[in-house]
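# Summary of the model geometry
Below are the chains, spelled out letter by letter.
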Amino acid sequence: MRIIMLGAPGAGKGTQAKRIAERLQVPHISTGDIFRANIKNGTELGMRAKSYMDAGSLVPDSLTLELVMDRIAGEDCQNGYVFDGFPRTIPQAEALEKALSELGQKVDFAVDIEVPDEDIIGRMGGRRACLQCGATYHVAYAAPKTEGVCDRCGAGLTLRDDDKPETVKKRLAVYHEQTQPLIDFYRNKGCLAQADGTKDVEDVFCEILKLLGV
Ligand code: ADP
Ligand code: AMP
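Here's what I pulled together on the structure shown here. No experiment lies behind these values; they were computed from the predicted model shown.

Rules and cut-offs
Residues numbered from 1 in each chain as written. Chains lettered and ligands numbered in written order. Predicted model: local features only at pLDDT ≥ 70, side-chain atom pairs only at ≥ 80, totals over all residues. Heavy atoms only, no water. Helix = DSSP H or I, 4+ residues; strand = E, 2+ residues; numbered from the N terminus. Pairing = 2+ DSSP bridges. Near = heavy atom within 4 Å. Polar contact = N/O pair within 3.5 Å; in protein donor to acceptor, adjacent residues only side chain to side chain. Areas by Shrake-Rupley, 256 points an atom, 1.4 Å probe, with all protein chains shown as cover. Phe/Tyr/Trp six-rings, centres within 6.5 Å; stacked < 30°, edge-to-face > 60°. Lys NZ or Arg CZ within 6 Å of the ring centre and 35° of its normal. Nonpolar A, V, L, I, M, F, W, Y, C, P; charged D, E, K, R; others polar. Axes fitted to C-alpha atoms, helices over the stretch in contact; angles between N-to-C directions. Parallel < 35°, antiparallel > 145°, perpendicular 65-115°, else oblique. Contact = heavy atoms within 4.5 Å.

## Description of unusual backbone geometry
A cis geometry characterises the amide bond from F86 onward to P87, with omega recorded as -5°. Topologically, P87 is positioned in the loop between strand 3 (81-84) and helix 5 (90-102). The phi angle at Q25 is positive, at roughly 60°, despite the residue not being glycine. Along the chain, the position of Q25 falls in the loop between helix 1 (13-24) and strand 2 (28-30).

## Topic: the pairing of strand 4 (residues 109-114)
When strand 1 (residues 2-6) meets strand 4, the two strands line up parallel, connected through four bridges. Paired with I4 across the bridge in strand 4 is A110. Pairing between strand 4 and strand 7 (residues 192-196): five bridges, direction parallel. If you follow I113 over to strand 7, its bridge partner there is A195.

## A few points about the site of ligand 1
As a structural note, the neighbourhood of ligand 1 is formed by 19 residues, with G10, G14, T15, R127 and Y137 the closest of them. One nitrogen or oxygen atom from the main chain of G10 is found 2.8 Å from an oxygen atom belonging to ligand 1. The separation between an oxygen atom of ligand 1 and a polar main-chain atom of Y137 is 2.8 Å. Burial of ligand 1 by the protein chains amounts to 93% of its free accessible area of 560 Å².

## Regarding the packing of aromatic side chains
Aromatic ring pairs are described here by two measures, namely the spacing of the ring centres and the angle between the planes. A complete count under the given rule lists three aromatic pairs for this structure. By the ring-pair criterion, three or more aromatic residues cluster together here, those being Y81, F83 and F86. The residue whose ring lies beneath R19 is F205, and the NZ or CZ to ring-centre distance is 5.5 Å. The residue whose ring lies beneath K189 is F185, and the NZ or CZ to ring-centre distance is 4.9 Å.

## Here's the deal with the site of ligand 2
Near ligand 2 lie 16 residues; those nearest to it are T31, R36, S57, Q92 and R171. For ligand 2, a nitrogen atom lies 3.0 Å from a polar atom in the side chain of R88. Contact with the protein chains hides 96% of the accessible area of ligand 2, taken as 490 Å² for the molecule alone. Broken down by element, the shell around ligand 2 gets its largest block of residues, four residues, from helix 2 (residues 31-40). Classifying every residue of the shell around ligand 2 by side-chain character gives five nonpolar, six polar and five charged.

## What to know about the packing of helix 5 against helix 8 (residues 181-189)
As a packed pair, helix 5 and helix 8 sit with axes 9 Å apart at the nearest point and diverge in direction by 30°. The angle between the axes of helix 5 and helix 8 places the two elements in the roughly parallel class. Each of I90, A93, E94, L96 and E97 in helix 5 lies in contact with helix 8, whose residues at this interface are P181, L182, F185, Y186 and K189.

Rendered as structure tokens:
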């Protein structure tokens, strides 16, 4: 099954995408995680993406698409995947559709997690990320066993620079302008599934599984 996750930054796309991918036994592909890993490793892609990410803007489509097309050609993607944070613009969605149609494939579900803007700022301020293994926590809603330490790999947890309130406001504006139109794009394709993201993590997951029919 080929699934994409839609929703504002902080809506819970990563949290749910990891669970769905585990349930379906397909890779979880987060373009944000891939960019952050490249920044950490000092690659050229990372250096090119960093200034956009720090400013709360989107990385240019050309750079993002190159990375994604390369990733989905991987052997492990043959039975599907869960995209988290991609596509984020209409041109990205159109490019994905074209690439898939050339392979006789399509997006099966676009899962949109709905959370009002008022709730997003609190979620992002409390998010703690492990830059070592990609795990995500929340100081109040999904706390690690030991404060500031990743349960999975033991590395230190950080507040992402782009999760600071000023940058979150910019990212929300970018979301409304450039990414939200994808909801109608996928509604028109007949594959949109909308879930209420204000419920707790387990309830959101159950709602999504029902929508996916798995
Ligand atoms: P996204 O990938 O959409 O940016 P995340 O999955 O990283 O969002 O979630 C953002 C923050 O909100 C994280 O700190 C996460 O632990 C927390 N979170 C995710 N889902 C929920 C939920 N249903 N209720 C409360 N907090 C949540
Ligand atoms: P995320 O981890 O999904 O919140 O993404 C963090 C940042 O990475 C975003 O604010 C963008 O700057 C960049 N990014 C991630 N995915 C994309 C994408 N599909 N298109 C453009 N920029 C992206």
